[in-house]
Structures are given as C-alpha cells and as structure tokens.
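Observations on the three-dimensional arrangement
Listed here are the chains, written in short residue letters.
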Amino acid sequence: MQAFIKETALAAPIPGRNVDTDQIIPARFLKADRSAGYGPFLFHDLRFTPDGTEREDFVLNQEPHRQARILVTDENFGCGSSREGAVYALCDYGIKALIGPSFGDIFYNNALKNGLIPVRLPEEVVAGLRRELLTGPERGITIDLEAERVTFPDGTEHALAIDPFWRECIMKGVDEVELTLGYMPQIRDFEDRYLSEMRWINR
Amino acid sequence: MAREESARTGTARKAMFDKIWDRHVIVARDQGPSLIYIDRDIIHEGSFHAFADMKRRGLTVRKPRQMFGTPDHYVPTSGRSIGDAATPEIARMISQFDKNMQWGGIRNFGLRDPRQGIVHVVGPEQGITLPGLTIVCSDSHTSTHGALGAIAFGIGQSENAHVMATQTLWQARPRTMRITIDGTLAKGVHSKDVILAIIGKIGAGGAGGHAIEYAGQAIRAMSIEQRLTICNMSIEAAARCGMVAPDDTTFEYLHGRPFAPSEADWDDAVAYWRTLPSEADAVFDSEVELDGGAIEPMVTWGTSPQDTLPITGFVPDPAAQTDAAHREMVAAALRYMGLEPGTALADVPIDRVFIGSCTNSRLEDLRAAAAVLKGRKAVVPAMVVPGSTGVKLAAEAEGIDRIFRDAGFEWRESGCSMCAAMNGDFVKPQERCASTSNRNFVGRQGPGARTHLMSPAMAAAAAVTGRLTDVRRMMS
C-alpha cells in the first residue's frame, strides 16, 4: 500500500446521492489487467459519449476540476457492487482522497486497502464544500492524516475521523497481509480449538 | 445501555449477529477492527486480481477445503462450452478461473459440472452455507447466505487475497438493525415485493454500517428460497449483511445436502444452531417495522432500488419533491428511464423480460413465473436463466422448461447473465427490461439499458401483456 500522510490538492464536486460502483467503473472494463491502469475507465460512461468524445458537462472534463486529486461526494457514494475495480480506477486516475457524508461499506473497505482515504464529514458540511467548489474551485484542500484534520479552501478546519488502526496502517504503508501473518500463532490456536468444536465445517 | 457496550460487558442478552461475531473473534481491539475467522470463501471469475496478488507474494491458499469456486459472472448461457463465450476475452476469464482454482487446490464447480451455478444459489443448494458461519465472497450479494443464519458479506479483491492467505479478515463490528415484518402476505405478493418495500421505506443508504436481522411472522412463514431473496437485496439498502434466524425450516432445508453436516455430526450441529437466534430481550441499534399484509406487488421506476412503488402507483413528479437534491435525483432518473411524471406504472410498456439472477432464479421463483405463464404467450423477447445447473435440471424434471418454451421464452443455461451484463447477455440502449434481478442502476444491464425490478410472477405477467402489469389481475 502507498503511504499517505498529508496531501494538498484541488477537489472536484461529484454530484448525486447513491453513486454506485457501476457508474464509477462499468462492468465491461473489469476484465482488464491492472498493469495497464484502470484510470481511463473512471466514470467512463459519464465522462465520454458512446463514440469516445468527452462530455463537456461532466465535472472532471472541466478546468480546473480536471486536475482534481480529491473528490467531494454525496451520501452513499460507492454503493452497489463490491468490485474493487472502482477503487483501482480512482487510484489510477490519480485520486488520493474522497470527502463525503457516507460511503458504501464494501467500497469504504476497498478504498482503505488501497490507501485511498475516504473522509466522512457531516452532510451539511460536505454540501457547503460542494457549493464552494462550484464557485471558487482553484484553491486546494489539505488532508492531514497525522494531525487528523481536513482544511477547506476557506481555511476552516474539520476533524478527520478515521479508525486509529487504519490511520496507522495507511501512514506507514503497512502491508495488511504481512501484518496478519504475524498473528499466525493466534490464528492457529483459535483454529485448533474452533474447528475441533465445529467438526462439520470441513467435509 | 448501548448495545455495543452491553454486548462487550455481557450485561444484555445478545442478538444473533453478536453471538456469531463473538464466536469468530481471534484478536479483539477496544476500537476499530478485530481479526475475525472466516469459515467460507466462495470464489468466482472476478477473483483474478486476488490470485495475481497471491502469486506475486509467493503465498499459497492456506485452507483450500474452506474455499469453493464456481464460474458465474462471465459464463455463457447459450451453451456449456468455453467456445460458447461471447468473446475471446470472456473465454479467457473462464479458463483463467479454472487455472486459478487448480493452482489453489480449490474445489471448482466448473462450467460442465452439474453443481455449477451462481455463487449465491450454489452455496445454499450444496449445503456450503450453514448457520453460524462467517462467509465471504467478492460479490456484494453475499448477504444472500445470511438467510440460513450466517454472517455473510461481500469483499473486494484485496480482502479476498487476505482470506486466501490467512483465513481471516480485519473487520469493524457493524451496528445492528432488526426489521420486523408481521402479518400475512396477500396473494400475488412475493418476498421480492417485501424487500423492495423495505428498501423503499428506509432508502438505498438506510442500513449503512448495519447488519440486518429480518424477523416477524411474515419472515418466519417464508421458505428458505424466499428468505434468500430477502437477504440477497440487503446490500441495496447499504447493509453490511442480512440474516434470518435458523429454525426448523432451515434445518429441514439443509439436511442431506452434500456439504451439510454428516449424519454423525447432524444432531450436534443442530443443537449448536438452536443457540444462535437472538434472545427475546436482545438489544438492537435500530428497529424498523412493516405490516406484511399491506405490501402490494412492487416495481421500480427509477435508477436505484429505493425508487420503488406498488404497481398500482404512478411515476412520481420531480416538482412535487420538497428536497432540492431529491428533486434533481428524480428528474435525472426519469430522463434516463424515459418516463413522464404521472404515468400509471401499469401503463408503462416494456421491450423484454429477464427472469434470473442470484435474487430470483431458484426453483420456487421459476415455479411462480411458470404458474402465470401456463397457457399464455409472451409478446416481447424473454429469457429465463436458472440460478444453477441443479435448478435447471430440477425445473426440467417438473416440466417447467416446457411451460417457458411454450410461452416463447428462451430457456438458458445457468449464470449471472443479464443481471451483471458481463457475459454478452445485455439489454440494448433505451430498451426497457422487466427484470427479476437486484439493480436498476444506470447502465447496469448494458449501456443505456432501462431496468424495472420486480418479482418473477410480475415479470411473467409483463411478458404476457408487454407492459408493467399487476399480476393479481391474472391470477384465478
């Protein structure tokens, strides 16, 4: 996982509640190998017409939002399918963090595993930020994981609530599988006891 | 006292979710995620990223006997050979899956295996899904398996690799929600109508961060297949998982299935399973109640499963919405769906019908649709895709396939098909599909596709009339 400590970047407002992972990356692109990069698939059918022309009305096709590395979303962003390709597309496009009132649970977990920071803030705060970005989008937002603060373009600061476990993992770029393999003695102890009691699990 | 605190200190009687969760904790932390043991990982073709990760790390699958694989998302439904795949790219997905299963030493119910099917149909059907287990799959509809009293949830590929390598996951304990449906369902009302009514009430984000337990008289009266439909769509309300307490209906369903406990272990297993239901005074973080007797046949009109109304209703008017954001959502949905405000839902014409998906492709679903279709003809293109080869063979043994064929339906091989639109089965742009699947998202069934979700009986009625139709008018 790529370590993340602090980032200041332009942000783009993504409109709409319940933006699902089918919209973040349509299913037809999920067969692609990751090495090629999933960035071109991000919001594909919202960004492009069927003939591949950019849709001028989509926010990421407009300046300066085209340079955005933070997306400001609405409630339940990333709902629907568990496809981690949605997170791959965001990361490969260059998105470092998301700010929204709520996220789909599976999407939220997938984001954390890839070092993409999903920042939950109150709905009214996020709505105000989206409005601000539409009128004055040229100033950056700072996300500081170490200080646990988010600083908006107008200078206001908000607490960044993220679980200490994931905060530490992301700041240190911890490999989660490696971390867990360190718990293998506890896992084996648990398993010996548990599977002997639940004999029927392995048939 | 808050439920989380009471569960931790043991001062309150536990909910089923808490009992199962606590049984699986290996490393507990005061805050944030705990390391929990995973009993089952069910794998499909989309898992190639996880296998690539495992190989890159030089790791092997730690507990292959607790893993099961079956191809479903990309499999052709026109035949049972890789050569039937719609494109070479899709064929590669299936052959790569077979290689990965072999590499991992994982049981693979492959394309020509009689046990093949949609992961969430095969799991219960084979007795892989059992009460009290933790079950994961890299598919959001893994919540389906909770119908048998398991904690079952969807994961991504990073977590999939983590389970393959360690048989564990770091997970934060969700909050709990009990949804109680009392009363008796009316004639023509199915479990799909119940779950659509629930989502319509609480919204697409209404259960975010929660594990749902479905309870009440209407749920108890349901068969396992009906409960599977309910739990399947928990994710459409943003729930982490959905569950129904195991009971005699559960035990009768499981007895004798291939991976269910052997006769030697059966009594011990059932004795344990009987300890799982929530205590009478269990504390839930949230409670929702619906009158099952008041639920009507439901259809969706928009681009989220929460956009749902009784078939007797009318397309909503954006201008009537008081919240500005909601007004724009409704307007955008109607633009995409090509619908006019105020139109009677029963007047909306359709272009095709799809009966299938992990929500509604089991034997009882096919029986319900066939009962409507018997002696009638579809007036639009229609296809039925059984949820597993086992379901297909059972339906054929009952003559259900003949009813569908006589009505003009295509009778296909099993797979996800037109629900996920990954295998070459898709709805054309601007085509309107009456579908028994679970998602009416923009582009879900194909770019520009317009999806109306409904029960199998309602989909069959739509096939016969060529429009959204109240199935109750077609019942004797």
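What you see is a predicted model, and the numbers here were worked out from it, not measured in a lab.

**What to know about the interface of chain B and chain A**
Contacts between the two partners involve 56 residues from chain B and, on the opposite side, 45 residues from chain A. Of all the elements in the fold, those that place two or more residues in the side of chain B that touches chain A are β1 (25–27), β2 (34–37), α3 (48–57), α4 (88–104), α6 (157–166), β8 (168–171), α11 (263–273) and α12 (324–337) of chain B. Of the residues forming the side of chain B that touches chain A, the biggest block, 7 residues, is contributed by α6(B).

**Points about the sheet that holds strand β9 (residues 175–182) of chain B**
All names here are of chain B. As summarised here, the arrangement of the 4 strands in space is β11-β10-β9-β12, forming an open sheet in which the pairing is parallel. The outermost strands of the open sheet, each flanked by one partner alone, are β11 (241–244) and β12 (286–291). Each neighbouring strand pair of the sheet contributes to a mean axis angle of 20 degrees, computed without reference to strand direction. In the sheet, β9 pairs with strand β10 (residues 210–215) via 6 bridges, with the strands oriented parallel. Paired with Thr-180 across the two strands is Ala-215, which belongs to β10.

**Considering the packing of α3(B) against α6(B)**
When two helices pack together, their arrangement is given by the angle between the helix axes and the distance between those axes. Residue and element names in this part refer to chain B. Running from N to C, α3 and α6 cross one another at 50 degrees; their axes reach a closest spacing of 8 Å. Regarding the angle of α3 to α6, the classification is oblique. Crossing angle aside, the handedness with which α3 passes α6 is right-handed. Residue-level inspection shows His-49, Ala-50, Asp-53 and Met-54 of α3 in contact with α6, the latter providing Gln-157, Asn-160, Ala-161, Met-164 and Ala-165. Looking at the contact of α3 with α6 residue by residue, the classes come out as 5 nonpolar, 3 polar and 1 charged.

**Things to note about the UniProt feature "domain: Aconitase A/isopropylmalate dehydratase small subunit swivel" (unreviewed entry) in chain A**
Here, UniProt's "domain: Aconitase A/isopropylmalate dehydratase small subunit swivel" (unreviewed entry) annotation points to residues 1–123 of chain A. For residues 1–123 of chain A, the end-to-end C-alpha separation is 29 Å, with 22% helix and 15% strand making up the annotated structure.

What counts, and where the lines are drawn
- Once a new chain begins, its residue numbering starts again from 1 and follows that chain's sequence as written.
- In the order they appear in the text, chains get letters beginning with A and ligands get numbers beginning with 1.
- In keeping with the predicted nature of the model, local features appear solely for residues at pLDDT of at least 70, side-chain atom pairs appear and are counted solely at 80 or more, and the whole-chain, interface and lining totals rest on all residues.
- Here, residue contact means that the backbone-derived C-beta atoms of the two residues sit within 7 Å.
- The helix and strand labels rest on DSSP assignments: H or I over at least four residues marks a helix, E over at least two residues marks a strand, and numbering proceeds from the N terminus.
- Two strands qualify as a pair provided DSSP detects at least 2 bridges between them.
- Note on geometry: axes are lines fitted to C-alpha atoms, helical ones only across the stretch in contact, with angles between N-to-C directions running from 0 to 180 degrees.
- Oblique is the label for any angle not under 35 degrees, not over 145, and not in the 65 to 115 range, which are roughly parallel, roughly antiparallel and roughly perpendicular in turn.
- By definition, turning the near helix anticlockwise from the far helix through less than a right angle yields a left-handed crossing, and turning it clockwise yields a right-handed one.
- Throughout, the ten residues Ala, Val, Leu, Ile, Met, Phe, Trp, Tyr, Cys and Pro are labelled nonpolar, Asp, Glu, Lys and Arg are labelled charged, and all others, Gly among them, are labelled polar.
- UniProt positions are given in the numbering used here, feature names are shortened, and annotations may be inferred rather than shown by experiment.

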